[in-house]
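Listed below are the residues making up each chain.
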Amino acid sequence: MNNAVIVLNAGSSSLKFSIYQVDAEELSLVARGQVEGLGTSPRFKAKDRSGTTLADADVTGTSPPQRFGHQEAFAHLVTWTRDQYKGTMTPAAVGHRVAHGGLDFIEPTIIDGAVVERLEKLIALVPLHQPHNLAAVKAVTCLRADLPQVACFDTAFHRGRAQVTERFGLPDDMFQRGLRRWGFHGLSYASIVDELKRTAPGLAMARLIVAHLGSGASMCAIRGGRSVDTTMSFSALDGLPMGTRCGSLDAGVVLFLLQLGRTREEIETLLYKKSGLLGISGVSNDVRALLASRDPLAAAAIDFFVYRAKREIASLTAALGGLDALIFTAGVGENSAVIRSRICKDLAWLGIVLDPAANERGHGCISHAGQTPSVWVVPSDEERVIACGTVSALRAAGKLPGCAEAATGASGA
Ligand code: AMP
């Protein structure tokens, strides 16, 4: 019988999961996948660690699709795990990605009723993410109250930054009340630092910019393995333009839209769902589709994304006082040689020069040997950071015997 940690990353219409087998010394990925289409047409997909499909099927079951939410999805996952592994894989704990930990939650935290109450108070700060994260926590509590649960926070990696990097130019009492540049994608950044510690320890402590370019996008300046500054701030809207989110925006634009009579909901939908690459192009939020399109507005969207990325790299280099390595990660960063090349093209003045062949290969170091700053492609693995954090928090509390060591993200470094 093997103990398993289930990692959950809950969104509004999906429940992503990873299953890790917990041995005395290490965690090994067994399967990952998601239940998508929650509330509409739920579908369960799972792959093993080598990417072979284990399941891809509709899962309406007995409940009507509109009632198939996080709880039904988790129930399906538990049943599937039991059947797939013929009872040899026993869920021992659940680790959750939680968007916001505020000032108090930095370490991976064992969840109880009081913790849920405190995390609910942060919903106002991230209304599009935190409620779904907590819905998954409640789903697990309802179905399997016996399973210990641990929350790992996307804000945690950015705690401990110099206060000057956290402020807006607003009155101090607002800063004290939480109107600050929190930063997100912290689990991704922690996973990159962990990976560098394993594979390039000299680099792990150097001055880095990690470009997390996915459907959500941000960059982080990292020194000594810790966040120095980052482009996302109070919400997941700030900084780089994204698939459907606007990126940095003059607050005066929001005031103007209000003046035009737009409602709060309309503005929220505009900024989160109808802006960024999709908004500019009117074609797609997917970089692949934009690169393939002949529509001039598709080209304009890519131009804007590349331009903003360059500006942020230069700005974060100033925050670091120099740069030793630029690291690309996430869907666009890991897969698009064209975007990497276009971002780096005009950064030779910073010493950033790609090796075109290595960039096409797209893994490891993609700059010429000996070049500084070096440029890298490093896949991020947020789920492993959550699994490690879950195990270390539970082991420290004596609730899960004999497991792997904590990772960087687990300690919120
Ligand atoms: P993520 O949010 O990290 O899963 O990234 C998803 C995004 O990555 C998609 O919306 C695409 O825009 C982008 N993407 C994935 N594969 C490629 C590729 N081969 N070339 C360009 N963009 C890609």
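Residues numbered from 1 in each chain as written. Predicted model: local features only at pLDDT ≥ 70, side-chain atom pairs only at ≥ 80, totals over all residues. Heavy atoms only, no water.

Peer 1: Please give an account of the overall build of the protein chain that cites residues and values.
Peer 2: Counting its regular elements, the protein chain contains 16 helices and 14 strands. On C-alpha atoms alone, the protein chain measures out to a radius of gyration of 21 Å, which is about the 22 Å that the 2.2 N^0.38 rule sets for 413 residues. Along the first, second and third principal axes, the C-alpha atoms of the protein chain reach 60 × 55 × 50 Å. Intrachain contacts of the protein chain at a sequence separation of at least 6 include 62% that bridge at least 24 residues. With an accessible surface of roughly 17,800 Å², the protein chain has 53% of that area assigned to carbon and sulfur atoms. (Helix = DSSP H or I, 4+ residues; strand = E, 2+ residues; numbered from the N terminus. Rg over C-alpha atoms; globule rule 2.2 N^0.38 Å. Contact = heavy atoms within 4.5 Å. Areas by Shrake-Rupley, 256 points an atom, 1.4 Å probe, with all protein chains shown as cover.)

Peer 1: Now, about the nonpolar core: what can you tell me, with residues and values included?
Peer 2: In terms of nonpolar packing, the biggest core is built from 41 residues, with Leu213, Met219, Ile313, Phe328, Ile343 and Ile352 touching the most fellow members. For this core, the secondary structure elements donating two or more residues are strand S9 (207–213), strand S10 (217–223), helix H11 (287–292), helix H12 (296–320), strand S12 (325–329), helix H14 (337–345) and strand S14 (374–377). Beyond its immediate stretch of four places on either side in the chain, isoleucine 313 contacts Ile209, Met219, Leu326, Ile343, Leu347, Leu350 and Ile352. (Core = buried A, V, L, I, M, F, W, Y, C linked by side-chain atoms within 4.5 Å. Buried < 20%, exposed > 50% of the residue type's maximum accessible area, 1.4 Å probe, protein only.)

Peer 1: Go over the site of the ligand with me, naming the residues and quoting the values.
Peer 2: By nearness alone, every residue bordering the ligand is listed as Gly214, Ser215, Asp286, Val287, Arg288, Ala330, Gly331, Val332, Asn335 and Ser336. Aspartate 286 places a polar side-chain atom, nitrogen or oxygen, 3.2 Å from an oxygen atom of the ligand. If the ligand stood free it would expose 510 Å²; the protein chains cover 69% of that surface. Taken together, the elements giving at least two residues each to the shell around the ligand come down to H11 and helix H13 (330–335). (Near = heavy atom within 4 Å. Polar contact = N/O pair within 3.5 Å; in protein donor to acceptor, adjacent residues only side chain to side chain.)

Peer 1: How would you sum up the pairing of strand S11 (residues 226–230)? Please name residues and give values.
Peer 2: With four of five residues buried, S11 lies mostly within the body of the structure. The pairing of S10 with S11 spans four bridges and is antiparallel. If you follow isoleucine 222 over to S11, its bridge partner there is serine 227. Taking the residues that link successive antiparallel strands as the turn, the S10-S11 hairpin has two residues, and the phi of glycine 224 there is positive, at about 60°. (Pairing = 2+ DSSP bridges.)

Peer 1: Give a detailed account of the environment of histidine 158, specifying residues and quantitative values.
Peer 2: Inspection of the secondary structure puts histidine 158 in the loop between strand S8 (149–153) and helix H4 (163–166). Separated by 25 residues in the primary sequence, histidine 158 and glycine 183 have C-alpha atoms spaced 6.1 Å apart. Every residue in contact with histidine 158, bar those within four places of it in the chain, is listed here: Glu166, Trp182, Gly183, Phe184, Gly186, Tyr189, Cys220, Ser227 and Thr230. There is a polar contact of 2.8 Å between the side chain of histidine 158 and the backbone oxygen of phenylalanine 184.

Peer 1: So what about the confidence of the model for the protein chain? Which residues, and what values?
Peer 2: The predicted coordinates of low-pLDDT regions are not to be read in fine detail. This prediction gives the protein chain a mean pLDDT of 94; 96% of its residues lie at or above 70. For residues 402–413, every residue scores under 50 in pLDDT, and the model assigns this stretch 44 contacts once sequence neighbours within four places are set aside. (pLDDT = per-residue confidence, 0-100.)

Peer 1: Give me H14: which residues, what numbers.
Peer 2: Every α-helix carries 3.6 residues per turn, so stepping three or four residues along brings you back to the same face. Every buried residue belonging to H14 is among Ala337, Ile339, Arg340, Ile343 and Cys344, and all of these are buried. Projected down its long axis, H14 carries its buried residues within an arc of 165°, all on one side. (Arc of directions from axis to C-beta.)

Peer 1: Before we move on, could you go through the packing of helix H1 (residues 70–84) against helix H3 (residues 130–143) and cite the residues and values that matter?
Peer 2: Direction vectors running N to C along H1 and H3 enclose 55°, while the axes themselves pass 8 Å from each other. In terms of orientation, H1 and H3 fall into the oblique class. Considering how the two elements wind past one another, H1 and H3 form a crossing that is right-handed. From H1, His70, Gln71, Phe74 and Ala75 reach across to H3, where they touch His132, Ala135, Ala136, Ala139, Val140, Cys142 and Leu143. Of the residues contributing to the contact of H1 with H3, the split by class is eight nonpolar, three polar and no charged. (Axes fitted to C-alpha atoms, helices over the stretch in contact; angles between N-to-C directions. Parallel < 35°, antiparallel > 145°, perpendicular 65-115°, else oblique. Left-handed = near helix turned anticlockwise from the far one by under 90°. Nonpolar A, V, L, I, M, F, W, Y, C, P; charged D, E, K, R; others polar.)

Peer 1: Let's hear about the pattern of salt bridges: which residues, and what values?
Peer 2: Under the defined criterion, the tally for this structure stands at 26 salt bridges. Among the salt bridges present, the one from arginine 43 reaches aspartate 56, with a minimum N-O distance of 2.8 Å. One end of the pair, arginine 43, is in strand S4 (residues 43–48); the other, aspartate 56, is in strand S5 (residues 53–58), and 13 residues separate them in sequence. By relative accessible area, which is 26% here, arginine 43 ends up partly exposed. Exposure remark for aspartate 56: the relative accessible area of 40% places this residue in the partly exposed category. Among the ionic pairs, arginine 97 bridges to aspartate 154, the shortest N-O distance being 2.6 Å. One end of the pair, arginine 97, is in strand S6 (residues 89–98); the other, aspartate 154, is in the loop between S8 and H4, and 57 residues separate them in sequence. Overlapping salt bridges bring together Arg32, Asp381, Glu383 and Arg384 as one network. (Salt bridge = Lys/Arg side-chain N within 4 Å of Asp/Glu carboxyl O.)

Peer 1: Any chance you could break down the layout of surface pockets for me, citing the residues and the numbers?
Peer 2: Computed from the structure, the second largest pocket encloses a volume of approximately 740 Å³. Lining the second largest pocket are 23 residues, with Phe234, Ser235, Leu237, Val254 and Leu271 sitting closest to its centre. At the level of secondary structure, the elements contributing two or more residues to the lining of the second largest pocket comprise helix H8 (251–259) and helix H9 (264–273). A per-element tally of the lining of the second largest pocket places H9 first, with five residues. Split into classes, the residues belonging to the lining of the second largest pocket amount to 15 nonpolar, four polar and four charged. (1 Å grid on protein atoms, 1.4 Å probe; cavity = no way out; pocket = protein on both sides within 12 Å on 5 of 7 lines; lining within 4 Å. Points joined across faces, edges and corners; volume = space filled by probe spheres on them.)

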